[in-house]
Amino acid sequence: MFDILAGLNAEQQSAVTAVNGAVLIFAGAGSGKTRVLTHRIAYLIQHEHVAPHNILAVTFTNKAAGEMQTRILDIIGEQHGRVNVGTFHSISARILRREAESLGYDRYFTIYDDDDGLRVVKQIFKDRNLPTEQVPPKSVFYSIKNYKNQMIGPDELEGQPFFFRGGIDLVEIYKLYERRLKHNNALDFDDLLLKPLELFKNNPGILKLYQDRFRYILVDEYQDTNRAQFQLVKQLSALHGNLCVVGDDDQSIYGWRGADIRNILDFKAAFPTAQIFKLERNYRSTKTIVSAAAAVVGNNRDRAEKQLWTEAEQGLPILVMHASDDQHEARMIAEKILDLSSEPELDFSKMAILYRTNAQSRAIEERLRDSGIPYQLVGGTKFYDRKEIRDALAYLRIVQNPSDDVSVARVLNTPPRGVGKTSEAHLASYALEHDLRFFDALRQVDATAVGSGPANRVKEFVALVEKHSALLPESDLGDWAQAYINETKLIQQYQAEESDDAESRIENIYELINGIREFQGRHEEPTLAAFLEEVALITDIDNLDKARRQVTLMTCHSAKGLEFPVVFLAGLEDGLFPLIRQTESESDLEEERRLFYVGLTRAEKRAFITYCSARQRYGETILARPSRFILEIPRDLIQMPQEASITISSKSSSNRNIQEADRKSITKKQSPFIANRIHPEQPTDYATGQTVEHAFFGRGKILQVIGSGSEAKLTIMFSGNQQKKILARYAKLNIISA
């Protein structure tokens with residue numbers, strides 16, 4: 001029998017063997033948390049004789065789920081069966097497929113991404129003749145997403161005045177949005193977390209069934225869970241009480257999308273009998289990198305007490321490089337990569353360039369191309385987001401779910417088949433008047449106001465879909481998909497264009513068909529529903545191929561969970577990293593600091609930090625100063641060329657040897673510099689009591705003004721009881737009355 005505890009340090013062994021009850025494992029960066037999780041599962045199966053199907057392990061990416069399943073099988077073998085491993089969304093989707101009828105859905109529901117959801121909102125605007133000039137549908141859609149993320153439904157907002165400019169009622173659109181999704185037999189990403197809670201609340205027997213099935217629950221990256229995810233694991237673990245969560249509050253970087261760091265910091269309050277373990281030894285990085293990262297994140301107040309350490313070699317100091325502008329920065333990075341690539345143990349695949357925002361990649365990409373350095377971009381246009389792929393997937397989706405009005409409308413005239421906007425409007429109006437699915441309205445085209453020519457084209461479209469719907473059950477999935485997509489004439493449409501772009505789109509469509517065949521090879525019973533679900537839940541990082549000899553470019557958010565021998569952190573300037581937004585708080589700054597910690601701890605051997613004196617942002621040149629995070633790194637851990645040292649000391653402190661007290665004081669207040677435009681606009685003097693208007697939030701009253709000029713912080717109460725804190729330099733407010 002495999003010795004499950006072999007190779008684990010004392011703290012790791014304790015975390016693995018504490019199998020019963022609630023357990024919290026604080027796992028610092030590079031501390032072997034995946035090893036602990038997989039060995040803990042193996043220990044449950046081999047030593048505690050827990051059946052694998054009674055174990056649920058939750059991860060945050062499909063890639064992590066696949067790697068965990070592989071590691072578990074490597075330890076215990078196939079003979080024991082498979083553990084339930086997946087992301088929150090994929091596990092919830094599985095539950096909902098089985099129990100869909102209890103919620104009034106068909107089990108073949110479609111999973112809508114943000115693009116699909118936005119199309120629903122746009123259609124609501126269109127049906128109700130709402131103006132899009134004053135309030136973009138995208139703003140309304142993301143407001144709805146924000147409320148769903150907080151588990152606030154439209155009924156809970158009833159009676160509260162939530163109006164956008166132009167009298168657009170958010171609550172009413174929210175209600176219509178939910179109705180449209182139900183009508184379309186569709187769930188959005190937020191629903192995948194919310195609907196299981198609704199299911200369990202209304203069906204205690206179903207909850208009991210899953211509580212009995214999942215007797216031991218393990219959750220990875222617990223610091224990134226939101227309120228719904230917390231409720232889900234709490235309810236599922238309530239019967240047997242065996243909940244183990246692993247995470248690091250210092251790596252909580254998703255507050256902007258609803259993650260709640262309190263879930264991990266207040267775990268003991270939620271589960272009073274919980275045992276707590278701390279994995280503080282880093283096995284990934286050099287002493288220099290570990291010490292620098294720990295020093296920076298140690299400035300955060302809202303964190304659990306722990307200290308990352310390592311027995312690794314000291315390593316080289318972190319090189320801080322100062323550039324005149326973003327073009328110079330990109331050139332410096334490319335030159336350094338070429339220098340490093342000449343070292344025997346370093347090829348391009350061992351290096352990553354991380355940045356705060358996707359916009360930063362443009363200048364870097366151009367320089368890498370000019371220098372002949374191969375690279376892969378994570379987080380660019382995803383394969384499944386390309387137009388031709390979304391079109392092909394829409395054809396597949398309407399076979400699986402004819403109620404999916406969004407997909408039907410997308411391809412009704414794609415490729416063009418003579419069904420124009422007027423005909424489509426007649427069909428949509430008919431469907432609305434008769435409370436029909438859009439596809440059913442197409443079937444009844446002769447009863448609509450659509451002319452005879454377009455009506456015949458609609459009938460051909462319906463016949464195409466129904467033909468392949470009938471063929472699917474008896475067909476090989478790959479062969480069926482190829483025949484169906486060929487008959488849609490999507491490929492022929494691009495062949496007729498005879499351009500490089502069209503050729504690329506054709507290749508992408510064939511690659512989609514290849515992907516379906518690969519999916520077949522990975523599953524014993526491959527179905528169209530399962531393929532579409534896998535595609536819907538794919539993430540940026542799932543497509544990363546570290547075997548390719550290419551430099552990897554990605555945001556610090558996308559780099560979470562990865563490691564590279566060499567890491568470049570680009571754009572370390574106040575206002576960019578930390579990113580200063582219109583609304584700012586101490587908690588926002590602490591999350592930015594955690595994000596820097598995540599970025600730096602991706603490095604195993606070497607770390608480089610770059611910053612510019614000026615950068616192109618928002619279509620103009622903006623002066624920049626080094627990030628406060630550079631100042632928080634102990635001076636003996638960094639190496640700065642003379643020019644960079646002078647820049648930092650002259651602009652950040654009169655004392656060349658910055659003392660620790662000075663460094664900490666910087667973190668407790670707004671930096672004296674955020675971003676100065678070369679041609680600054682004269683700031684408006686704002687005063688308490690003024691009525692102002694904002695392009696997004698609408699009208700509001702200034703409640704408080706702290707400071708003056710462009711650096712003033714304004715507290716404003718907007719309509720709908722929305723209180724916002726905004727920096728005057730970014731506010732762009734119109735003063736309505738004094």
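None of these values were measured; they are calculated from a predicted model.

1. Description of the sheet that holds strand 3 (residues 84-87)
The strands making up a sheet associate through hydrogen bonds between their backbones, and the pairing can be parallel or antiparallel. Pairing is parallel in the open sheet, where 6 strands are placed in the order 3-2-8-9-1-10. Taken across any chain shown, the strands that pair with only one partner, and hence form the sheet edges, are strand 3 and strand 10 (275-279). Strand-to-strand twist across the sheet, computed as the mean angle between neighbouring axes with direction ignored, equals 15°. Pairing of strand 2 (residues 55-59) with strand 8 (residues 216-219) involves 4 bridges; the strand directions are parallel. Directly across from Leu56, in strand 8, lies its bridge partner Ile217. Along the sheet, helix 3 (residues 62-76) contacts strand 2 and strand 3; its crossing angle with strand 3, the most-contacted strand, is approximately 160°.

2. A short note on unusual backbone geometry
Thr414 connects to Pro415 through a cis peptide bond whose omega is -5°. Take Pro415: it is sitting in the loop between helix 17 (405-411) and helix 18 (421-433). Of note, the amide linkage connecting Phe577 to Pro578 takes the cis form, showing an omega dihedral of 15°. Note on placement: Pro578 falls in the loop between strand 15 (564-569) and helix 25 (586-600). A positive phi angle is found at His49, which is not glycine, with a value near 55°. The topology assignment puts His49 in the loop between helix 2 (33-46) and strand 2. Judged by relative accessible area, which is 67%, His49 ranks as exposed. Residue Lys489 is not a glycine yet carries a positive backbone phi of 75°. Mapped onto the elements of the fold, Lys489 is located in the loop between helix 21 (477-488) and helix 22 (490-495).

3. A look at the nonpolar core
Counting 50 residues, the largest nonpolar core has Leu442 and Phe461 as the members making the most contacts within it. Considering each element in turn, this core owes the most residues, 8 residues, to helix 16 (residues 387-400). Among all residues touching Phe461, those that are not within four sequence positions of it are Tyr395, Ile398, Val408, Val411, Leu412, Arg417, Phe439 and Leu442. Formed by 44 residues, the second largest nonpolar core is a distinct cluster that contains Ile95, Leu199, Ile206 and Ile217.

What counts and what doesn't
Residues numbered from 1 in each chain as written. Predicted model: local features only at pLDDT ≥ 70, side-chain atom pairs only at ≥ 80, totals over all residues. Heavy atoms only, no water. Pairing = 2+ DSSP bridges. Helix = DSSP H or I, 4+ residues; strand = E, 2+ residues; numbered from the N terminus. Axes fitted to C-alpha atoms, helices over the stretch in contact; angles between N-to-C directions. Contact = heavy atoms within 4.5 Å. Buried < 20%, exposed > 50% of the residue type's maximum accessible area, 1.4 Å probe, protein only. Core = buried A, V, L, I, M, F, W, Y, C linked by side-chain atoms within 4.5 Å.

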